[in-house]
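Residues per chain, in single letters:
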Protein chains: 2
Amino acid sequence: MGRRGGRRFSYGTRSTVKSPSSLEFLAEALRRLPGIGPKSAQRMAYHLMQHDRDGAALLGRALAQAVERIHHCALCNTFTEAEICETCSDPERDAELLCVVETPADQLMIEQTLTYKGLYFVLMGHLSPLDGIGPKDIHLDKLVNRAGDGIVTEVVLATNFTNEGEATAHYISETLKTRGLKVSRLARGVPVGGELEYVDAGTIARAMLDRRAT
Amino acid sequence: MGRRGGRRFSYGTRSTVKSPSSLEFLAEALRRLPGIGPKSAQRMAYHLMQHDRDGAALLGRALAQAVERIHHCALCNTFTEAEICETCSDPERDAELLCVVETPADQLMIEQTLTYKGLYFVLMGHLSPLDGIGPKDIHLDKLVNRAGDGIVTEVVLATNFTNEGEATAHYISETLKTRGLKVSRLARGVPVGGELEYVDAGTIARAMLDRRAT
Ligand SMILES: [Zn+2]
Ligand SMILES: [Zn+2]
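Residues numbered from 1 in each chain as written. Chains lettered and ligands numbered in written order. Predicted model: local features only at pLDDT ≥ 70, side-chain atom pairs only at ≥ 80, totals over all residues. Heavy atoms only, no water.

Per an unreviewed UniProt entry, chain A goes by the name Recombination protein RecR and belongs to Noviherbaspirillum humi. The record held by UniProt for chain A lists under Function (unreviewed entry) the comment "May play a role in DNA repair. It seems to be involved in an RecBC-independent recombinational process of DNA repair. It may act with RecF and RecO." What UniProt states about chain A under its Sequence similarities (unreviewed entry) heading is, verbatim, "Belongs to the RecR family." (UniProt positions renumbered as here; feature names shortened; annotations may be inferred.)

The following block contains the structure:
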């Protein structure tokens, strides 16, 4: 071929090649997943179309089914397909204890310690004024109603020991105590700044046993 | 509450709380996305159900639509919704030149240099014997047929300058040359070990102009 150093060339960002629209649509839709940028979304779209069409179809069905079937438990606010979730429906549970967690994953971690046999309330988040997440977004009215059912005698706050989690616990504690409820907090056996999901079950177990009144 | 240091407790990995099955199904299906582990998949599932059900529904539709509509161009092997893609159907293109790339993203990068007006063949991968990816997986028969149409006079190999890309270029070059075709390779203006997608357009433009016979 030899050098063509004398020839002029130009380049730019304009392109004449376009992705098929349904592939573009897929890449854009994949960006709705948390933490997925445009480059990752495009790679995922290519990967699925090239190597895993069965996976793409399966994921499509899973999304449609979850959107249709999943809603929040009328009592504890966690995800469920029923009106009342399995945990809230369990007659073996101690209905006098209500443990407040940020997420279903946190609830699962506490369950794994096998130290707690009460019921739960899942906030599905934490207060974060800077992000515009207020009491309504963590379903505080629902929690107040739930805790005030006349059966619950103690609310155990098991939000994360992060700044937001601590602030959320403080806010909930003040709200519930003015309504005459006994409120406790997991002991600080959980490392400060730690997120429950990543703490070992033994530490959480100790923190549960050492919970203190607030 | 006080200390309960004397009380025994036990913990383990068994749990009595289960995610609703359609949420579990969704988290498992999300793991079909490349680079997504169980923890990320669960977070994504929670995020979608909690904060972006519209996004979940949209992604579900996008996946179903892409699986239904996207297939490979009969000529260049890229993704398309038509029998023959827009690029291959463009009468303004120089049909004597055929540029071989690994992915549609690489083709897009070359297009953006505006230095090439020929046609393309998209391998949708590269040879990688250790991963069990052989000539059949990069559609070599289809490429041989395409390059041997009697109109193509030169095949420009623009696979990546990684080990796999170079090996792929070498293999294709040997295959096409035994069939009497003229084969060239992008000049080594592209950094050794570099992937086209991440190289600036100017470098690729120079490499295109300096392509050499192999
Ligand atoms: Zn419930
Ligand atoms: Zn084509």
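Okay, back to it.
**Remarks on the relation of the copies chain B and chain A**
Rotating chain B by 180° and moving it 0.0 Å along the rotation axis overlays it on chain A with an RMSD of 0.0 Å. Between the two chains, the operation in question is that of a two-fold axis. Measuring from the rotation axis to each C-alpha of chain B, the shortest distance belongs to Gly60 of chain B, at 2.0 Å. Looking at chain B, 100% of its interface residues are interface residues in chain A too, so the copies touch through the same face. (Least-squares fit on C-alpha atoms with pLDDT ≥ 70 in both. Contact = heavy atoms within 4.5 Å.)

**Things to note about the coordination of the zinc ion (ligand 2)**
Residues and elements named next belong to chain B. Binding of the zinc ion (ligand 2) to the protein goes through Cys73 (SG), Cys76 (SG), Cys85 (SG) and Cys88 (SG), at separations of 2.3 Å. Here the zinc ion (ligand 2) is ringed by four donor atoms whose angles at the metal span 104 to 118°, and the overall shape comes out tetrahedral. Mapped onto the sequence, the residues coordinating the zinc ion (ligand 2) show the spacing C-x2-C-x8-C-x2-C. Cys85 carries the same exposure label as Cys76, and that label is buried. (Donors = N, O, S within 2.8 Å, 3.2 Å for Na, K, Ca; no water. Tetrahedral: all angles 85-135°; square planar, octahedral: opposite > 155°, others 65-115°. Buried < 20%, exposed > 50% of the residue type's maximum accessible area, 1.4 Å probe, protein only.)

**Looking at the UniProt feature "zinc finger region: C4-type" (unreviewed entry) in chain A**
Under the UniProt annotation, the feature "zinc finger region: C4-type" (unreviewed entry) is placed at residues 73-88 of chain A. As a span, residues 73-88 of chain A carries 19% helix and 12% strand, and end to end its C-alpha atoms are 8 Å apart. (Helix = DSSP H or I, 4+ residues; strand = E, 2+ residues; numbered from the N terminus.)

**Concerning the interface of chain B and chain A**
On the chain A side, the residues contacting the 84 residues of chain B number 84 residues. Of the roughly 7800 Å² buried between chain B and chain A, counting both surfaces, carbon and sulfur atoms make up 62%. Linking chain B with chain A are two salt bridges. Residue Asp52 of chain A pairs with Arg32 of chain B through a salt bridge whose shortest N-O separation is 2.9 Å. The interface formed by chain B and chain A includes 12 residue pairs in polar contact (both at pLDDT 80 or more). At 15 residues, helix H3 (residues 53-69) of chain B tops the list of elements feeding residues into the side of chain B that touches chain A. Considered class by class, the residues forming the side of chain B that touches chain A number 37 nonpolar, 25 polar and 22 charged. (Buried area = accessible area lost by both parts, 1.4 Å probe. Salt bridge = Lys/Arg side-chain N within 4 Å of Asp/Glu carboxyl O. Polar contact = N/O pair within 3.5 Å; in protein donor to acceptor, adjacent residues only side chain to side chain. Nonpolar A, V, L, I, M, F, W, Y, C, P; charged D, E, K, R; others polar.)

**So, helix H7 (residues 163-177) of chain B**
Residue and element names in this part refer to chain B. Between its first and last C-alpha, H7 extends 21 Å over 15 residues, near the 21 Å set by a 1.5 Å rise per residue. Residues of H7 that are buried include every one of Gly165, Thr168, Ala169, Ile172, Ser173, Thr175 and Leu176, and no others. Down the axis of H7, the buried side of the element spans an arc of 165°, and every buried residue falls inside it. Residues of H7 that are exposed and point over 90 degrees away from its buried face: Asn163 and His170. For H7, the elements touching its buried residues are strand E3 (94-101), helix H6 (140-147), strand E5 (154-157) and strand E6 (182-185). (Expected span 1.5 Å × (residues − 1). Arc of directions from axis to C-beta.)

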